[in-house]
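Observations on the model geometry
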Amino acid sequence: MWYVIYSEDVENSLPMRKQARPAHLERLQALADQGRVLAAGPCPAIDSDDPGEAGFTGSLVILDFDSLKQAKEWADADPYVSAGVYKSVTVKPYKKVFP
């Protein structure tokens, strides 16, 4: 089943994001290689594809797991969590309807 993982950043998270980003992307790439990523990306702090020093306010990923428990465990182990980037993480089941 698909699961939405929506995370909100702490203030001024950009330096922490930059440091933890390679490990964060490595975990996502492993799932992408298995065909388990529907969507993934950050939420820019300003209305721009490249927000520069404005940074990001959070992230959204939609991933395939066997259970909500597995999705939550995966989210809890995100390098951004351990680096202090996120102030909150929400994990919910997701039903894809379109496209």
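Note that the structure is predicted; figures quoted are calculated from it, not measured. (Residues numbered from 1 in each chain as written. Predicted model: local features only at pLDDT ≥ 70, side-chain atom pairs only at ≥ 80, totals over all residues. Heavy atoms only, no water.)

What follows deals with empty space enclosed by the protein. Counting across every chain of the model gives one cavity of 30 Å³ or more. Along its surface, the largest cavity is lined by Ile-5, Ser-7, His-24, Ser-59, Val-61, Trp-74, Asp-78 and Tyr-86. Elements represented by at least two residues in the lining of the largest cavity include exactly strand S1 (2-9) and strand S3 (56-64). Of the residues that constitute the lining of the largest cavity, the class distribution is four nonpolar, three polar and one charged. (1 Å grid on protein atoms, 1.4 Å probe; cavity = no way out; pocket = protein on both sides within 12 Å on 5 of 7 lines; lining within 4 Å. Points joined across faces, edges and corners; volume = space filled by probe spheres on them. Helix = DSSP H or I, 4+ residues; strand = E, 2+ residues; numbered from the N terminus. Nonpolar A, V, L, I, M, F, W, Y, C, P; charged D, E, K, R; others polar.)

For the rest of this paragraph, the subject is the pattern of salt bridges. Inspection of every chain in the model, using the stated rule, returns three salt bridges. Residues Glu-73 and Lys-69 are paired through a salt bridge, measuring 2.9 Å at the closest nitrogen-oxygen approach. One end of the pair, Glu-73, and the other, Lys-69, are both in helix H2 (residues 68-76), four residues apart, so they sit about a helical turn from each other. Residue classification places Lys-69 among the exposed residues on the basis of a relative accessible area of 58%. (Salt bridge = Lys/Arg side-chain N within 4 Å of Asp/Glu carboxyl O. Buried < 20%, exposed > 50% of the residue type's maximum accessible area, 1.4 Å probe, protein only.)

Attention now goes to the nonpolar core. Proteins that are soluble and globular tend to have nonpolar side chains buried together. Of all hydrophobic cores here, the largest spans 11 residues; its members are Tyr-3, Ile-5, Leu-28, Leu-31, Val-61, Leu-63, Phe-65, Ala-71, Trp-74, Ala-75 and Val-91. At the level of secondary structure, the elements contributing two or more residues to this core comprise S1, helix H1 (14-33), S3 and H2. Sorting elements by how many residues they give to this core places H2 first, with three residues. In contact with Tyr-3, other than residues within four places in its own chain, are Val-61, Ile-62, Leu-63, Phe-65, Asp-66, Ser-67, Leu-68, Ala-71, Val-91, Lys-92, Pro-93 and Tyr-94. (Core = buried A, V, L, I, M, F, W, Y, C linked by side-chain atoms within 4.5 Å. Contact = heavy atoms within 4.5 Å.)

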